[in-house]
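Chain residues, written in single-letter form:
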Amino acid sequence: MKVQFREIQLFKLSALVLIVLLLVVACGSPEVQEAVDQVEQAATDAAPEINAVATQAADVIEDVATETAPVVEEAATEVAEAVGEAEEVVGGAQQGGTLVVAIGEDPGQFNPGITTSFGPHSVADSIYNGLVELDENANPVPDLAKSWEISDDATTYTFHLEEGVQWHDGEPFTSADVKFTFEKILLNYHSRTKAGLETALAGIDTPDDFTVVFRFNEPYAPLLQRLNVTETPILPRHIYEGVADVTQAEANLMPIGTGPFVFDSYTPGAEVRLVRNENYFKEGLPLLDAVVFRVIPDNSTQIAALEAGEVDYVWRVPGPDVARVEASPDTTVVSVASGPGGGFCIPTVTFNLDREILQDVRVRQAFAHAVNREQILEQVIFNQGRVADAPISSKIGWAHLDGGPSYPYDPDRARELLDQAGYPVGDDGTRFTIDFVHFPSFSKYGEVMREQLAEVGIDFELRPLERDAAIEAIFTERDFDTNIISYCNNTDPEIGVRRMYVSTNIGPIPFSNGANYVNPDVDALFEEASSTANLDTRAEAYAEIQRILLEDLPYWWIVETDFSVGIRANCHDFRAWSGQFAETAWCEQ
């Protein structure tokens, strides 16, 4: 039986104590007394709140009349059954044990402030904290900031920090760490934060060690949504201050955070081991002794390991395996829209607009018409998502554009556009060759598109590169014609969408404006959308942005992906939507 950790404990055990005390008044039978003894022991083992409830119940019972014998016997039976459930609840939330998590690739480094990539964040988000965290409904809740105030005009945000928090090396956490992280790291290297805050933020003040004030040039509504550990992880100033190149810092391989788990060891290509932070500022957490991230590149091997009990947690269950994993009594599946690296993801083809062939919008339109995205949906992601019909995910409904310019699968129209652009079919049956840089995990996308593009005379040359090499080729060297990246976002287009299109985010920043796309109207509309709290005004701006993007076509949006997480049934209370997925988790021993 799967139960929630705290609320169900308190509610059910409180009710049981009340019932049993009523029965004590009503009848002193041995059966009832035995049930009483069991529940009293359960209450003793549970949280102190239960004992308080029992005391209050005893005061009330003095005024309760004696029930009839048949009622007592029936109630005794129900209590005896409930006791077993109570024992499961109390005994289930166990401290200790090691959680084994399958990851598809080596994370490479553990500084989440310099990348938005899923790989590093899948591990590092458990080492660090943000100022706030987001609950399952994307509502901000305290993390390093215990409370905050927002000015009436949404231009000033004041955060009050938790006191007594320590970095994993024992140094105290202060407001200076927050200011340093934003000014020296996030605004320079984290593509989503840089794109959204670089021009909007007027300054950061630290009036004392436990207060941080963010000042904006204009009203800025989405700040709280972008302060979790995935979007803005807080890094230690005393470790990174004075480092010439943060992206190459030794500390990136020996991370020091404030989070629930402490870095223990790293075997490249094999595993990363984190251990419990004994000095974590959230009382009673974490419950696990350790989390081991095991590198298993093949999805089928990951699922086999989950089913065999060799791993406890798999980030992505492939579509063909979902029903089987969900049906097994030993495993369960949780559907989420977000996780480490972000959410509402759209695998997107980037056109390098520095390339002469791809500067012609007719070529880009032909590419779009030649790609059968329904086939990719069915054969590559096995219907775990939907075809993307706009640059902003349909999961962000208030900002998503319905009914904009479209490019349905139409090879004949693709051929016509390529002829118009001056690229006839040659003697070898091709018009031209363009390459396709991609992570190995996107190989299937490339294979399907290569076959489709060949039908219209485009030779699509696949260039699989490991993650670090691909990022270098795309965002630093700009050595590519096309590529594909799963661009993930947040609940607001300001957080994740903007970074792909604004001209201020062109440069050697991973997962930024890789197309080198420049449109002053788009830049201005993003500024307009971020500088007002009026949702209707923002929605209109985002709708116009999407219309322009669908006309200009600097990218081609393939599919929106959904996530299915696989978990062993004896493990509970994961926050699967969060980077800090294991902070509250526990496994039956």
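See the structure above.
Colleague: Please explain the pairing of strand E14 (residues 342-351) as it appears in this structure.
Modeller: Strand residues, when the strand is regular, have side chains that alternate between the two faces of the sheet. Of all ten residues making up E14, ten are buried, and the element is well covered by its neighbours. Where strand E13 (residues 338-339) meets E14, two bridges bridge the pair, whose relative direction is antiparallel. By the bridge assignment, Ser338 is partnered in E14 with Gly343. Hairpin connection between E13 and E14: a loop of two residues separates the two successive antiparallel strands, and Gly341 in this loop has a positive phi of roughly 90 degrees. Judged from the seven bridges that link them, E14 and strand E18 (residues 482-489) form a sheet pairing that is antiparallel. For Thr350, the partnering residue across the bridge sits in E18 and is Asn483. Alignment of E14 against strand E19 (residues 555-557), held across three bridges, turns out to be antiparallel. Across the sheet, Val349 pairs through a bridge with Trp556, a residue of E19.

Colleague: Help me understand helix H17 (residues 535-552) in this model?
Modeller: At 3.6 residues per turn, the α-helix brings residues three or four places apart onto the same side. Taking 1.5 Å of rise per residue, the 18 residues of H17 would be expected to cover 26 Å, and the 26 Å separating its terminal C-alpha atoms lies within 8% of that figure. Residues Arg538, Ala539, Ala541, Tyr542, Ala543, Ile545, Gln546, Ile548, Leu549 and Leu550 constitute the buried set of H17. In this fold, the buried residues of H17 make contact with helix H16 (520-530) and E19. Sitting at the amino-terminal end of H17 is Asn534, which places a side-chain oxygen 3.0 Å from the backbone nitrogen of Asp536. Just past H17, the residue Leu553 takes up positive phi, approximately 55 degrees.

Colleague: So what exactly am I meant to see when it comes to the environment of Cys571 here?
Modeller: Tracing the sequence through the fold places Cys571 in strand E22 (residues 571-572). Judged by its relative accessible area of 6%, Cys571 falls in the buried class. A sequence separation of 17 residues divides Cys571 from Glu588, and the C-alpha atoms of the two residues are 6.3 Å apart. Sequence-distant contacts of Cys571, defined by excluding residues within four places in its chain, comprise Leu99, Asp312, Trp586 and Cys587.

Colleague: Any chance you could explain the nonpolar core here in plain terms?
Modeller: One recurring pattern in soluble globular proteins is that nonpolar side chains are buried together. Ranked by size, the top nonpolar core spans 74 residues in total, and within it Phe367, Tyr445, Met449, Tyr501, Trp556, Trp557 and Ile558 carry the most contacts. At seven residues, H17 tops the list of elements feeding residues into this core. Apart from residues lying up to four places away in sequence, Phe367 is in contact with Val349, Phe351, Ile434, Met449, Leu453, Phe460 and Trp556.

Colleague: Before we go on, may I ask you to explain empty space enclosed by the protein in this structure?
Modeller: Empty pockets left among the atoms are what a rolling probe the size of a water molecule brings to light. With the rule as written, the count across this model stands at one cavity of 30 Å³ or more. A volume near 40 Å³ is recorded for the largest cavity. Val336, Ala337, Phe344, Arg386, Ser393, Lys395, Glu560, Thr561 and Asp562 together form the lining of the largest cavity. For the lining of the largest cavity, a count of residues per class yields three nonpolar, two polar and four charged.

Colleague: Would you mind going over the pairing of strand E10 (residues 290-295) with me for this structure?
Modeller: In terms of burial, E10 is a largely internal element, five of the six residues being buried. As paired elements, strand E1 (residues 98-103) and E10 share six bridges and run parallel to each other. The partner of Val100 across the bridge, within E10, is Val292. Here five bridges tie strand E9 (residues 271-276) to E10, and the two strands are oriented antiparallel to one another. Bridge pairing in E10 links Arg273 to Val292.

Colleague: What's the story with the sheet that holds strand E11 (residues 313-314) in this structure? I'm lost.
Modeller: Adjacent strands of a sheet form backbone hydrogen bonds with each other and so pair up, either parallel or antiparallel. Spatial ordering of the open sheet is given by E8-E9-E10-E1-E11-E21-E12, a layout of seven strands whose pairing is mixed. Lying at the two open borders of the sheet, with one neighbouring strand each, are strand E8 (261-267) and strand E12 (331-336). Here E12 pairs with strand E21 (residues 563-568) via six bridges, running antiparallel. Of the residues in E21, the one forming a bridge with Ser335 is Ser564. Running at roughly 130 degrees to E12, helix H10 (residues 319-327) makes contact with E12 and E21 of the sheet.

Colleague: Even after reading the chapter, I still don't get helix H14 (residues 443-454), so can you show me in this structure?
Modeller: Counted at 1.5 Å a residue, the expected span for H14 with its twelve residues is 16 Å, and the 17 Å between its end C-alpha atoms agrees. Tyr445, Gly446, Val448, Met449, Gln452 and Leu453 are the residues of H14 that are buried.

Colleague: What is the right way to read the state of the cysteines from this model?
Modeller: Working definition: the covalent bond between the sulfur atoms of two cysteines is a disulfide. Under the definition given, this model contains two disulfides. Two residues, Cys345 and Cys488, share a disulfide whose sulfurs are 1.9 Å apart. Here the S-S torsion is close to 110 degrees, and the disulfide linking Cys345 with Cys488 is therefore right-handed. Pair noted here: Cys345 is in strand E14 and Cys488 is in strand E18, with a separation of 143 residues, a long-range link.

Colleague: Where do I start with the environment of Met254 in this structure?
Modeller: For Met254, the location among the structural elements is in the loop between helix H8 (237-240) and E8. Met254 gets classed as exposed once you look at its relative accessible area, which sits at 61%. Taking the C-alpha atoms as reference, Met254 lies 8.4 Å from Ser265; in sequence the two are eleven residues apart.

Colleague: Explain the packing of helix H11 (residues 361-370) against helix H13 (residues 411-420) to me, please; I cannot follow it from the model alone.
Modeller: Geometrically, a packed helix pair is captured by the angle between its two axes and the distance between the axes. One way to put it is that H11 packs onto H13 with a least axis distance of 8 Å and a crossing angle of 165 degrees. One way to sum up the angle between H11 and H13 is to call them roughly antiparallel. Between H11 and H13 lies a crossing whose hand is left-handed. Only Pro411, Arg413, Ala414, Leu417, Leu418 and Gln420 of H13 make contact with H11, whose side of the interface consists of Arg362, Val363, Gln365, Ala366, His369 and Ala370. Counted by class, the contact of H11 with H13 contains seven nonpolar, three polar and two charged residues.

Rules used throughout
- Residues numbered from 1 in each chain as written.
- Predicted model: local features only at pLDDT ≥ 70, side-chain atom pairs only at ≥ 80, totals over all residues.
- Heavy atoms only, no water.
- Buried < 20%, exposed > 50% of the residue type's maximum accessible area, 1.4 Å probe, protein only.
- Helix = DSSP H or I, 4+ residues; strand = E, 2+ residues; numbered from the N terminus.
- Pairing = 2+ DSSP bridges.
- Expected span 1.5 Å × (residues − 1).
- Contact = heavy atoms within 4.5 Å.
- Polar contact = N/O pair within 3.5 Å; in protein donor to acceptor, adjacent residues only side chain to side chain.
- Core = buried A, V, L, I, M, F, W, Y, C linked by side-chain atoms within 4.5 Å.
- 1 Å grid on protein atoms, 1.4 Å probe; cavity = no way out; pocket = protein on both sides within 12 Å on 5 of 7 lines; lining within 4 Å.
- Points joined across faces, edges and corners; volume = space filled by probe spheres on them.
- Nonpolar A, V, L, I, M, F, W, Y, C, P; charged D, E, K, R; others polar.
- Axes fitted to C-alpha atoms, helices over the stretch in contact; angles between N-to-C directions.
- Disulfide = S-S within 2.5 Å.
- Parallel < 35°, antiparallel > 145°, perpendicular 65-115°, else oblique.
- Left-handed = near helix turned anticlockwise from the far one by under 90°.

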